[in-house]
Amino acid sequence: MAIWPFSAAVVAQDLNTYSPLEATGIIPADFTISASVKYDQAKGGLHTEGDSKRTKQAKHDFLLESNFLIDQVLNSGRVVFNDSVSTYLNEILSEILKNEPELRSKMRAYAVRSASVNSFTTDDGIILVNLGLVAQLETEAQLAFILCHEIAHFTESHVINAYVLREELKEQEGKLQRSSFDDRLLTQSQYSKELEKEADKLGLKRFLNTNYSTENVLNVFEAMRYAHLPFDDIPFDKNYFNSGLYRINESYYLNKVRPVEAIAADKPSETHPSPDERQQILTTLLARAEPQEGKPFLIGRERFLHLRNVCRFELSELYVASNNPVKAIYNSFLLQQDFPENEFLKKTVARALYRLSKYKSGGNFGFVHPGYSQIEGESQQLFHLLYRLKPEELC
């Protein structure tokens, strides 16, 4: 599929006058070609030789469903192009695939305005990377490893293969019904987990052919273990809202907060092995590999740190937009440690407080506040405070 090239010159955004990411410039063909045309094009390259009639039908069904689904995602307004983050992702892709020009020509990456710590690959070579994932990483090398993992999903046709297997499992429904629910779940999840393990292994193999350092690269799994937490965990300043004669009663604060816990290694997942398991497998493979001298940053440390901050600023906006105002305030509080006078962050906090006040006064506080008892880490202090404040105090 032909696509428009990404702009090579994207001006670094001044975080002191921050405004949310936007798509700019020429619209890539991924966004302008209709799903029906993409489907017709994809059918021409579909490999069905030797497949059963059911498998052939499943592959055609996949192409039809996936093209229309991806079209909805791309046109949701949350996928951006020619912005600073998407451009950076594509530069890393070019670095990884500099010796594989044909493969590089088939792949492109876009940033997604989502707080979720995740990335996703389509069957036609689009890699979607959530801003929430970039916000959690430590180095460019870690981001490169994640892209190598996604490249493996594409080269091995994992997306369509997983769909075909799910259809075949449906055909075995009668046999599976005689098994327990857990057995049926395991039958499906093991296949998905095997695909993830394969993508990890092949991704690592490709990563080892780059000039990136392997040091700390597997810390990406730390981001997965703590994906449910903010990008940092520091005590909330009890004087944060105090101003002039306004003082918050000390009784509104907890004596201690709930400790942070990683996502349990044995927590069931239908699509991914546990971060612990994945890290152990790749640690073993790294130990067997030839020692590699590389760099944690090839495109540039300052560029990475700046764009990671861009993603973290975006989180504040995204949390307000998704009715998570307490998360927006704590995320902004974290950023204000480095940007104390930032107007965007101040306005974001004000918007979040207004939303909390509006819903608390209207008796619908649960719509924007999940309670505080299950919140882990230092942000629990803020959740507790805003839960305890009376409507007139929030106003």
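This report concerns the structure included in the present document. Predicted model, so just to flag it, every value in this text is computed and none were measured. (Residues numbered from 1 in each chain as written. Predicted model: local features only at pLDDT ≥ 70, side-chain atom pairs only at ≥ 80, totals over all residues. Heavy atoms only, no water.)

The subject of this paragraph is the packing of helix 14 (residues 325-335) against helix 16 (residues 379-388). Two numbers describe a pair of packed helices, the interaxial angle and the distance between the axes. In the contact formed by helix 14 and helix 16, the axes pass within 10 Å of each other and the chain directions differ by 130°. In this view, helix 14 runs oblique relative to helix 16, as classed from their interaxial angle. As for the relative orientation of helix 14 and helix 16, their crossing is right-handed in sense. In this structure, helix 14 uses V326, K327, I329 and Y330 to contact helix 16, whose residues at the interface are S379, L382, F383 and L386. Residues that form the contact of helix 14 with helix 16 fall into these classes: six nonpolar, one polar and one charged. (Axes fitted to C-alpha atoms, helices over the stretch in contact; angles between N-to-C directions. Helix = DSSP H or I, 4+ residues; strand = E, 2+ residues; numbered from the N terminus. Parallel < 35°, antiparallel > 145°, perpendicular 65-115°, else oblique. Left-handed = near helix turned anticlockwise from the far one by under 90°. Contact = heavy atoms within 4.5 Å. Nonpolar A, V, L, I, M, F, W, Y, C, P; charged D, E, K, R; others polar.)

It is worth spelling out the packing of aromatic side chains at this point. Scanning the entire structure with this criterion turns up 18 aromatic pairs. An aromatic cluster is present here, built from F236, Y240, F241, Y330 and F333 joined pairwise through their rings. Just above the ring of F365 sits the side chain of K360; from NZ or CZ to the centre is 4.4 Å. (Phe/Tyr/Trp six-rings, centres within 6.5 Å; stacked < 30°, edge-to-face > 60°. Lys NZ or Arg CZ within 6 Å of the ring centre and 35° of its normal.)

Let's shift gears to the packing of helix 15 (residues 343-361) against helix 16. Contact pair helix 15 / helix 16: the axes reach a minimum separation of 11 Å and the direction vectors enclose 40°. The angle between the axes of helix 15 and helix 16 places the two elements in the oblique class. Counted together, L353, L356 and K360 of helix 15 and L386, Y387 and R388 of helix 16 form the full contact between these two elements. Within the contact of helix 15 with helix 16, the residues separate by chemical class into four nonpolar, no polar and two charged.

Across the sheet, four strands lie side by side as 1-2-4-3; this open sheet has mixed pairing. Of all strands in the sheet, those with a lone pairing partner are strand 1 (79-80) and strand 3 (119-121), marking the two edges. Of the pairings in the sheet, the one linking strand 1 to strand 2 (residues 108-112) comprises two bridges and is antiparallel in character. What sits directly across from V80, in strand 2, is A111. Running over the sheet, helix 7 (residues 140-155) touches strand 3 and strand 4 (126-130) and is turned about 30° from strand 3. (Pairing = 2+ DSSP bridges.)

So, about the nonpolar core. Judged by nonpolar contacts, the single largest core of 80 residues is most densely connected at V85, F145, F207, L382 and L385. Looking at this core element by element, the count peaks at 10 residues for helix 13 (residues 301-321). Not counting the four nearest positions on each side in its chain, L385 is found in contact with F236, F241, I248, Y252 and Y253. Counting nine residues, the second-largest nonpolar core is a separate cluster that includes V79, F81, V112 and L128. (Core = buried A, V, L, I, M, F, W, Y, C linked by side-chain atoms within 4.5 Å. Buried < 20%, exposed > 50% of the residue type's maximum accessible area, 1.4 Å probe, protein only.)

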